[in-house]
Amino acid sequence: MISVAYVFLLVLTAVSVCSRVVVITEEERPAYENYNAGASLHGAGDIDGAVLYYQKAIHQKFDLAEAHMNIALCYELRGDIKRSVYHHEEAILWATDSAIRVKALCNLASARHQFYSSTENSILESINILEFARSLDSNNTAVLLLLAQLMSAIRNYDEALSVLHDLVSRHPSHVLGHLNIGNHYFRVGNYRMAVEWYRATLSAGPQSVDTAVMVHNNIGACHRLMQDLEASAESYLTAFQNSAAGQVIGNGLWTVNNGPTSQEAWTISNLLAVNGLVCNWKSLEVLEAVALTAVRGMWRQHLLGLRATRDDIEMDSYGFMLNRYSSREADKHLAETNCAVHPLSHVSEQRDQKAYVRTAKTGILRVGYLSYDWKDHPMGRLTSRFVTHHNASAVFSVSFSYGPDDRSDMRFRVATHSPVFVDVENMPLSSTIADIIATHEIDVLVDLTVLTFNSRLDVPARKPAPVVINYLGFPGTSGCRAFDYALVDAVSTPPEISDSFTESLLYMPPGRRVYQGNDMPLHVPPHCDESDDQIDEWSCRIALFSNRKGGEKIATVPGSHVMLCSFNANKKLEPVSFSAWMNIMRRVPESVLVMLSGGPSSDRRVAAEASAHGISSYRLAFLVKEPWERHLKRSSGCDLVLDTYVYGAHTTASDMLWQGVPTLTLSAWGSGKMPSRVASALLQSLGGVAHLSIAMTVRDYEDLAVRLCRTSNIRRRMRTSILSQTMLTSTFNKFSLQKSLEISYRLAWDMTRIGKLRGLRRPPHIFATESSGVNNLDSKKTMICHARDMLEELLAMQAGNGVYVGTTDSDDAAGHDSLASIKAIWLRVKAALRSHDLVVDGWCELMKHIFRDPCQQAQLSVNDIDMPVISVQNGNKSSQLELSLSCSSIQITDVFGVSKGSNFVVNHTILASYVRCLRLTNSTAHELNKLIRFQKELMDKGMIVQCSNVFDILSPFLFVEVTGWPFDSVSAPFPHHEGLLSTLPLRFFNGTHTVYLPLRTLVSKEEQLIDFASILHNAGICAYLAGRKEDALYRMASSAMLNIVSGRSIVMLGTMISEMGDEESGFMVSAHGVTMMYINQKKEELPSILYSTEKRRIVIYCDEYGQSWWTEWNRSSGLGGSEEAVIFLAEALAVDSRNQVEVYLNSWSDSTEQGIRLQQESIGAVIYLHLSQFDASRSPDVFVAWRYPISLALFPAMKTKSRRTFSMLWLHDLIPLASQPDILTSFTNIIWVPSEFHKRHVNPSLRDVVRVLPHGLSPEIHFTDVMDEKNSNDVFVYGSSPYRGLEIVLSCWGEIKRSIPSAVLYVFYGFTDSVVTELKERLGLDTYNLWRERMDVLLCQDGVIYKGMVGQKTLSDYFSKAGFILYPTSFPETGCLTVIKAMANGCIPITSRYEYSVLPELTAGFDLGPRQQLTVSLVEGGNMTAWVADWQNSVVSAWWQASHESRNDILELRRRMIAHTRNQYSWQKSADLFLSVLH
């Protein structure tokens, strides 16, 4: 026996020598000798030699735990993770010493974290390993540190902090423990606490140089985020001075052989960035040179494989682009070095193949957008529109956001208007995000962030889509092989610099000259003063100086100066371009320079730098930051915008050009890097001013600036030209950008697919050949079309179809109205037209071009131009709607907030001239129909029509008026419905009434005939709303005879005939319209299950004819009673396996492909289908027309043996007698109504076929457990539409609450979209707003809890806990399912027992409302004060009885009510009654 000392390695690959005395046998000696030899080589860095000796030792002694542990570390360094993990596990298995076992456990967890940290599950497994190690040795610092690190990786910050505090408490001088606690507070945003712990780190104990540098870096980052830039710069400088590089840099001795350490590179990057922010240019050249040398060294390390670990902290690629001395090659090397820590994952060929097949079948490309910046940020403004407005037939987009939700309009716009929006902010693991992207089957992933702040290169590096594109966010290469293409333009990124990209360059299609998208606010005018049509910068000059920082006074009035402006961020400012600006100001003494303030210290440095150049600080102005739109307005006062050189203006250039401000830039800087070329690309894309805006050299830049400063007339012409080009070119055309992107994505997809199929490599650059729209610099039509598109988008967004992203400033919002927005667009049009020297006023031109078939021969007088076509007058206010002819009606109505009682005035002169012009050109009537629709919608809102309406003006130009009925089924000169002629009551047309026929000279195609029919249809509705029912009848009849293909005009015609007293004829005409609607609608294929059945087919047909309240039907969520009845009765009918129940409706919220949903439940199956899938050629056994009698036209009652359909009408509402003609008995076998009350109000002639089919309940949803005392007498509920009694409840609540201090009221149903729409139309907008304001105040009372619409089960749960349901309604209820549900769950009703409703029948014996029921006379008389007080007292009395004097009586009443309701109201009973009539 001899003693042998052996060496083992510590955790995390750090080599250390440790002695341990063991007793071995002679047979074990060779194994330990080989182990010691391997450990020696391992410590010397000879990994391959060490592995050989460790293998020999393990072969000789397989249970030598130390050998297993060390060889595992060697394999880890080699990258052979599988073997590494195996030997770590073996070391744990054979370790007899607890210290060795703990180290082995820690090593295993570390290896798994570094190489298998792709999933949360793997991290949790590593955490479990470390928890076990911690149980063995709770003092082990390596275990505790790694455990905290892994907990932080899965965002379990609280547990991680607890572990770190445990570490520090056990080891007070542990430096890394203090450092990691500081890092914790940094992650959670508590920067002050982070600074305290970082400073504690510096005093905790001895630390390495790298650790000290890291701590100072972190302190600098905290100060930077707290906006204390001076303190941040000081900390970064300290970090740099502590580094090895900083200690020798002053002597010029530092050179890079193998490159700087990660901390040195990071320090240099930080110091440059923060110095740029505070404009500290001292020693800038030295630092830039050091940074460039550092990048070269890092590149060498990367090539040698020494810089590709996740722990490496690299230099900021975005910040490095600001380096004046960097080259395209250096930028590329840095990007590749930074990306090397995210190696490309294995590409799934099978997934890609499936994507190729799917896309080939559908023709639709699935595009995913990945971004951090969907917030109030320039990138948010650039991207928010195109990610949400793709052509659905070409691209389906999914937006993946990993940035914070700042609650801005920008975020709301993207989140609500993206086809799919996925928030992955709280997913720290790239694999999780990549898996989500793959789950959405993305074909093309577009990274909009890349290497800018908070980039996530680790996500695209996993190749979650077949094609990955670098676009817009970062003006350079990603450096990652996972990216296939960079989407660029030929000016900012010409083909000759393609070698500086790792991606292939994908160029925008012809017609799109610049890659940058622009989504500018349409309502911001191209000058400051919105009251003046002239493009005058005077008010903007005043605005520029009204909010300047500091109290300095300029020597003279702003108007006497030449305003030079630069609105680039401070970090882009550098000495070279600033020196050029000072030279310009010396040559132009009357010039002043306006810049954005970078903070007091930054402004002082810039002013001092100007003074050093001989320019007084009084000639500099620093502006405070303003909301984007305000900044755009004030920037119009600039005479000339000066761009920086190294990193030029991008979004800032777009802003200035949109406002028409002349902008000067350098064509490119240095080696021609992309960041310096973007402004040049924007200016070249606008065409006309490029030669005055782009300088080739710095000297040319200064000379051109001086020339422009001295020639105001050239600047003014430039301003006009720029404004015209914003309308004439594609640069600011969002629709052009949209199409360009879709073409580019398709090209990238096709090239990738073909390349993989043929085994071809990607070419360095690709040009699209398909045009996305041509720049036509001389085309007035191009400008007009662009203006039309802008107007349509503006009105659509302001009508509620989109969210306009604008300032959140209240003052701006108050002044931002639609008229100003339209005027802002018009000013751009006028500027463009002036530049083309047009004589004909642009307004009339725009008006005609909006209609797409302009009249070239007509020329309206200049005097007509200033006259509004249509004006809306409300009281003393008048809004002249200059663009009425270009917009659709509902949008205009919503934009102007038209209220009931407003006047509608038409300018006859302009409108008649316009129509005469169209008539001369043989134009169609399609666009004129917009005017009729406009008037119809305004009248629908309750407006008053003064003078003649639009149809009266149009009629002489479009129609010939014929007295009497001019044709029959044989001689009709136009296409018609033969069946309609047989049903029309022609006696109505045999007098002196007018029938309208279009002038034959205007009807050249059948489609135009339909347009004329549509005009008559809308004109008929206008007359109907105006109370001119006879005129409405004849216009609608004329429309019907001109073949309105939808059939809805015929249905409306039938309704009018019924209201004029001929119910039978009216019903027949409406029935014919329903038939035509069915015949002409697009049919969808039925599922095969419907063809093979032998069951009895029961069809419930739920067409609502445009009157739908619920856009989506859902079995469990909130729904109206009539809709709910369909769902539950259908399920009850399906319990009988002999029945096949089909429900046809407009939409089902859980619908699957082809609009079919099979409701598989234990109670049976119901088939839900879309109305378009209804096939009338296959007669069902039972046809149920739901709510609307005219649906019976599809299957009238069985009259012969050949027809076997049993037709039913299922009514839910009290419909007018005009809709219940006697002829209904010929169409239906039976009429179902929900109550005896309803039956009493049916046409007496129909009562023989009327049966009561009560509403019911579904036990599994509507019933809760019945327990005494479960219903709380202090809890009250209201569960119906707000206008059916809620106002009475809330107005009484204050007194009720005073009498019952513990009372709580839950309000359900709420203000749904349908309710709000109905009330606005019924009350008018102003009255509704006043009523709603009152309701909102009442809902804020103490004890009132507003719940709104909730699911069925949730509602039943609340009923089971409430004591009473309050319902003082004067609405003619016919079913009242809400009260039935409440009663079934022990909620006692306190209602009005309104005599003209089902309530007395429904709640008889259980209602605790006032003795005097509410009567029609009380309601119509408007004297309900006494009754309301009586109802209020009954509520308090019911509570008192239930809580005190009659408690047992109320409990017994509640038990009887529950038993009665559950027994009486059952959908299964109703289903049995339904089926009983079929036997």
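Numbering of residues starts from 1 in every chain and runs along the sequence as written. Side-chain atom pairs in this predicted model are given and counted only at pLDDT of 80 or more, local residue features only at pLDDT of at least 70, and totals for whole chains, interfaces and linings cover all residues. Side-chain figures throughout are based on the complete set of non-hydrogen atoms in the structure, without hydrogens or water.

J.: Can you walk me through the pairing of strand β11 (residues 591-596) in this structure?
T.: Consecutive side chains along a regular strand alternate between the two faces of the sheet. The buried count for β11 comes to 5 of 6 residues, which makes it a mostly enclosed element. Of the strand pairs in this sheet, strand β10 (residues 562-566) and β11 are connected by 5 bridges, and their pairing is parallel. Paired with Cys 565 across the two strands is Val 594, which belongs to β11. For the segment spanning β10, helix α23 (residues 575-587) and β11, crossover handedness is right-handed. Pairing between β11 and strand β12 (residues 620-623): 4 bridges, direction parallel. Bridge pairing in β12 links Leu 593 to Leu 620. Handedness of a crossover: with both strands directed away from the viewer, a clockwise path from the first strand across the helix to the second marks it as right-handed. Only DSSP runs of H or I with at least four residues qualify as helices, and only runs of E with at least two residues qualify as strands; both kinds are numbered from the N terminus onward. Taking the sense of rotation as the criterion, the β-α-β connection linking β11, helix α24 (residues 600-612) and β12 turns out right-handed. The rule is simple: take the accessible area with a 1.4 Å probe, protein chains only, and divide by the maximum for that residue type; under 20% is buried, over 50% is exposed, in between is partly exposed. At least two DSSP bridges between two strands are needed for those strands to be called paired.

J.: Before we go on, may I ask you to explain the side chain of His 216 in this structure?
T.: Here His 216 is to be found in helix α11 (residues 209-225). The exposure class of His 216 is buried, given its relative accessible area of 14%. For His 216, the residues in contact, after removing those within four places along its chain, are Leu 202, Ser 235, Thr 238, Ala 239 and Asn 242. Contacts were defined at the residue level, with two residues in contact if any of their heavy atoms lie within 4.5 Å.

J.: Even after reading the chapter, I still don't get the sheet that holds strand β34 (residues 1362-1367), so can you show me in this structure?
T.: Strand pairs in the sheet, formed through backbone hydrogen bonds, run parallel or antiparallel to each other. Taken in spatial order, the 5 strands line up as β33-β32-β31-β34-β35 in an open sheet, and their pairing is parallel. A single partner strand is all that each edge strand has here, and the edge strands are β33 (1344-1348) and β35 (1388-1391). Averaged over all adjacent pairs, the angle separating strand axes in this sheet is 25°, with direction ignored. Relative to β33, strand β32 (residues 1304-1308) runs parallel, the two being bridged by 4 bridges. Looking at the pairing, Leu 1305 lines up with Val 1344 of β33. Running over the sheet, helix α52 (residues 1352-1361) touches β31 (1272-1278), β32, β33 and β34 and is turned about 110° from β34. Every axis corresponds to a line fitted to the C-alpha atoms, with the helix fit spanning only the stretch in contact, and the corresponding angles, defined between N-to-C directions, vary from 0 to 180 degrees. Its contacts with the sheet place helix α57 (residues 1447-1464) against β31, β34 and β35, and it is angled at close to 100° to β35.

J.: What's the story with the pairing of strand β9 (residues 504-507) in this structure? I'm lost.
T.: Of the two faces of β9, the one holding Ser 504 and Leu 506 and the one holding Leu 505 and Tyr 507 are both buried throughout. The pairing of β9 with strand β16 (residues 765-767) spans 3 bridges and is classified as parallel. Residue Leu 506 lies in a different strand from β16, and its bridge partner there is Ile 766.

J.: Help me out: how do you make sense of α11 in this one?
T.: Residues lying three or four places apart along an α-helix face the same way, a consequence of the helix completing one turn every 3.6 residues. The first and last C-alpha atoms of α11 sit 25 Å apart over 17 residues, in line with the 24 Å expected at 1.5 Å per residue. Within α11, 12 of the 17 residues are buried, which leaves it mostly tucked inside the rest of the structure. By the burial criterion, the buried members of α11 are Thr 211, Ala 212, Val 213, Val 215, His 216, Asn 217, Asn 218, Ile 219, Gly 220, Ala 221, Cys 222 and His 223. Gln 227 sits one or two positions beyond α11 and adopts a positive phi of about 65°. Given the number of residues in a helix, its expected span is that number minus one, multiplied by 1.5 Å.

J.: How should I be thinking about the nonpolar core in this particular structure?
T.: General note: in soluble globular proteins, nonpolar side chains tend to be found buried as a group. Grouped together as the largest cluster of nonpolar side chains are 118 residues, with contacts concentrated most on Ile 469, Tyr 471 and Tyr 745. By residue number, the principal contributor to this core is helix α15 (residues 284-303), which donates 8 residues. Discounting chain neighbours no more than four positions away, the residues touching Ile 469 are Val 444, Leu 445, Val 446, Asp 447, Phe 483, Tyr 485, Leu 487, Leu 506, Tyr 745 and Ala 748. We call a set of buried Ala, Val, Leu, Ile, Met, Phe, Trp, Tyr and Cys residues a nonpolar core when their side-chain atoms join them within 4.5 Å. Core analysis: the next-biggest nonpolar cluster, separate from the first, contains 68 residues, Tyr 1306, Tyr 1328, Ile 1388 and Ala 1442 among them.

J.: Would you mind going over the packing of aromatic side chains with me for this structure?
T.: Aromatic rings considered in pairs are described by the distance between their centres and by the relative angle of their planes. In summary, the pairing rule links any two rings of Phe, Tyr or Trp, Trp by its six-membered ring, whose centres are within 6.5 Å, and it sorts them by plane angle into stacked for under 30 degrees, edge-to-face for over 60 and tilted for everything else. Evaluated as defined, the whole model comprises 33 aromatic pairs. Taken together, a centroid distance of 5.1 Å and an interplanar angle of 55° make the contact between Tyr 1306 and Tyr 1358 tilted. Of the two residues, Tyr 1306 sits in strand β32 while Tyr 1358 sits in helix α52, which places them 52 residues apart along the sequence. Tyr 1306 gets classed as buried once you look at its relative accessible area, which sits at 17%. Each residue in the set Tyr 369, Phe 386, Tyr 471, Tyr 515 and Tyr 745 is aromatic and connected to the rest through ring pairs, giving one cluster. Placement of a positive charge over a ring is assigned whenever Lys NZ or Arg CZ falls within 6 Å of the ring centre and within 35 degrees of the normal to the ring plane. The ring of Phe 735 has Arg 385 lying over it, and the distance from NZ or CZ to the ring centre is 4.9 Å.

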